[in-house]
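Given next are the chains, with one letter for each unit.
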Amino acid sequence: MAARPPPLPEPRMNAPRPMLSLDEALARLIDGTRPHAITETETVSTFDGLGRVLAAEVLSTLDVPPEDNTSMDGYALRAADVPAAGAVLPVAQRIPAGHVGQPLQPGTAARIFTGGQVPAGADAVVMQEQCEAIAATSGQGLGAVKVNTRPEPGQWIRRRGEDVQRGAAVLLRGQRLTPQSLGLAASVGAAVLTVRRRPRVAIFSTGDELMMPGEPLRPGAIYNSNRYTLRALLQAAGCEVADLGIVRDTLDATRAALREAAAANDLIVTCGGVSVGEEDHLKPAAHAEGELQDWQIAIKPGKPLAFGTIRRESADAGASVALLVGLPGNPVSAFVTHVLAVSTVLRVLQGMDPALPAALPLRADFDWPRPDRRREFLRARLNAEGGLDLFPNQSSGVLTSAVWADGLIDNPPGQAIARGDGVRFLPLAALVAR
Ligand code: AMP
Ligand code: MG
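The structure displayed is predicted, hence computed values, not measured ones.

A.B. asks: How would you sum up the sheet that holds strand S6 (residues 87-95)? Please name residues and give values.
C.D. replies: Pairing within the open sheet is mixed, and its 6 strands lie in the order S8-S5-S7-S6-S10-S9. Looking at the sheet topology across the chains shown, the edges are occupied by strand S8 (124-127) and strand S9 (131-134). Ignoring which end each strand starts from, the neighbouring axes of this sheet average 35° apart. Sheet topology note: the strand S5 (residues 74-77)/strand S7 (residues 109-112) ladder contains 3 bridges and is antiparallel. By the bridge assignment, Tyr 75 is partnered in S7 with Arg 111.

And the structure:
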């Protein structure tokens, strides 16, 4: 008779959870995500590349600009032909943008318009404001020009290749495409771009108190704000979002939601239920459906965070697990931990540099005498004097603070702040959709 396998150890839900520094937690997220990075790529029209992440560098096969051209409307000439202001030169040709002139004969000028290719032999452009056109006496031909300045060789000429040189990598793998990078890709003639497949991310909110806007609020309930915040954060980061809605506070419902979410997604992001209360089912559910690291991160807001993997039922050739990040339920905690932790996971998934953006050194125009022992991310706003104001209520439930703020002050553990002190400021513009 075959021996019965030993019973699986019960997950030790009450064991003290390690308190991690944010840096340590992010390092573990990065290591834990790397094996699951998305490798599939797609070709998109450069028109449709906004927000996508490049999977291959964009190399230029040409110089930009392709030839020397003028940055001013005026006259192309040889500086040596104008030894002093007041020289008069016959105008031998006219070169609008998009046209190629003849080589410049010494002692002549070419009428030229912004973007027009500077003719061979010319070494300067004089802007038309510094010239006087002299009509041809016969009424025929292009007349002459009196140059009222002494030109410097090279002036008002945009040099061939001064923007991009042939062979240069103008955009790199792992770069997120901005409007200006699409323009740069187009400027080197790239009609299509190779990008990473969009991450597929499932989200759900846990909590029996949650109701949806549009429903009349019953006693004891609140509206589900995190669903909107997290969904939009993911959309802004270029993810395909599968929104599973609100999951009731039971172990079975949470397990079923995790299974459904894992089936077709790279990542599952949940909010709520990651504390140790009796109504917090995310962690036991994740233990049952996969593997979980259950962390307390020494940050405020956003202490509890769950990171793990959920098994896929029909694991085919692809990855057999989906990643899970369980965020705390308080709206500011969910927002802050998303921009710190979920964004890091998403960046690793897409082959991007996961480092947090650089913090700016700025002056505090407020006092913060009673700091927390944890590293704080305080909601603050730039003022007109170049300093920072603090939102008066830093509670993790006060979502108004995250709308009022334009950045987070990254305050070290236990660090009191006095008016005039230098602090480190992370602009939300650099954190959201990074
Ligand atoms: P929990 O992490 O589930 O204990 O929730 C912590 C706090 O966040 C509680 O006050 C919840 O009511 C609140 N909360 C949880 N989920 C949401 C959500 N999706 N939208 C708004 N508030 C939430
Ligand atoms: Mg809850």
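Structure's up, so let's keep going.
A.B. asks: How would you explain the pattern of salt bridges if you had to name every residue and give the values?
C.D. replies: Using the criterion set out here, one finds 23 salt bridges in the structure. Residue Asp 410 is joined to Arg 424 by a salt bridge in which the shortest nitrogen-to-oxygen separation is 3.0 Å. In this pair, Asp 410 sits in strand S26 (residues 407-411) while Arg 424 sits in strand S27 (residues 422-427), placing the two residues 14 residues apart along the sequence. Residue classification places Asp 410 among the buried residues on the basis of a relative accessible area of 6%.

A.B. asks: Provide a residue-level description of the side chain of Thr 344, including the pertinent values.
C.D. replies: Inspection of the secondary structure assignment puts Thr 344 in helix H6 (residues 331-349). A polar contact of 2.6 Å, which involves the side chain of Thr 344, links it to the backbone oxygen of Leu 340.

A.B. asks: Before we move on, could you go through the site of ligand 1 and cite the residues and values that matter?
C.D. replies: Near ligand 1, the surroundings consist of 16 residues, among which Glu 209, Asn 224, Ser 225, Gly 273 and Gly 329 are the closest. Separating an oxygen atom of ligand 1 from a side-chain N or O atom of Glu 209 is a distance of 2.5 Å. Within the backbone of Asn 226, an N or O atom sits 3.3 Å from a nitrogen atom of ligand 1. Surface burial for ligand 1 is 77%, taken as the share of its 480 Å² of free accessible area covered by protein chains. Given that more than half its atoms are within 2 Å of the pocket grid, ligand 1 belongs to the largest pocket. Residues belonging to the shell around ligand 1 are distributed by class as follows: 5 nonpolar, 9 polar and 2 charged.

A.B. asks: Lay out the packing of aromatic side chains with the relevant residues and their values.
C.D. replies: To describe a pair of aromatic rings, you give the distance between the ring centres and the angle between the ring planes. A full pass over the atoms with the stated rule returns 2 aromatic pairs. Centre to centre, the rings of Trp 295 and Phe 307 are 5.8 Å apart; their planes meet at 35°, and the pair counts as tilted. Of this pair, Trp 295 sits in strand S19 (residues 290-297) while Phe 307 sits in strand S21 (residues 304-311); the two residues are 12 residues apart in sequence, bridging distant segments of the chain. Grouping residues by exposure puts Trp 295 and Phe 307 together as buried.

A.B. asks: So what about the packing of helix H3 (residues 226-236) against H6? Which residues, and what values?
C.D. replies: Packing of H3 against H6 leaves a shortest axis separation of 11 Å and a crossing angle of 25°. Taken together, the axes of H3 and H6 are roughly parallel relative to one another. The interaxial crossing formed by H3 with H6 has right-handed handedness. Note on element contacts: H6 touches H3 through Pro 331, Ala 334, Phe 335, His 338, Val 339, Val 342 and Leu 346, opposite Asn 226, Thr 229, Leu 230, Leu 233 and Leu 234. Here the residues of the contact of H3 with H6 sort into 9 nonpolar, 3 polar and no charged.

Rules used throughout
Residues numbered from 1 in each chain as written. Chains lettered and ligands numbered in written order. Predicted model: local features only at pLDDT ≥ 70, side-chain atom pairs only at ≥ 80, totals over all residues. Heavy atoms only, no water. Pairing = 2+ DSSP bridges. Helix = DSSP H or I, 4+ residues; strand = E, 2+ residues; numbered from the N terminus. Axes fitted to C-alpha atoms, helices over the stretch in contact; angles between N-to-C directions. Salt bridge = Lys/Arg side-chain N within 4 Å of Asp/Glu carboxyl O. Buried < 20%, exposed > 50% of the residue type's maximum accessible area, 1.4 Å probe, protein only. Polar contact = N/O pair within 3.5 Å; in protein donor to acceptor, adjacent residues only side chain to side chain. Near = heavy atom within 4 Å. Areas by Shrake-Rupley, 256 points an atom, 1.4 Å probe, with all protein chains shown as cover. 1 Å grid on protein atoms, 1.4 Å probe; cavity = no way out; pocket = protein on both sides within 12 Å on 5 of 7 lines; lining within 4 Å. Sits in = over half its atoms within 2 Å of the grid points. Nonpolar A, V, L, I, M, F, W, Y, C, P; charged D, E, K, R; others polar. Phe/Tyr/Trp six-rings, centres within 6.5 Å; stacked < 30°, edge-to-face > 60°. Parallel < 35°, antiparallel > 145°, perpendicular 65-115°, else oblique. Left-handed = near helix turned anticlockwise from the far one by under 90°. Contact = heavy atoms within 4.5 Å.

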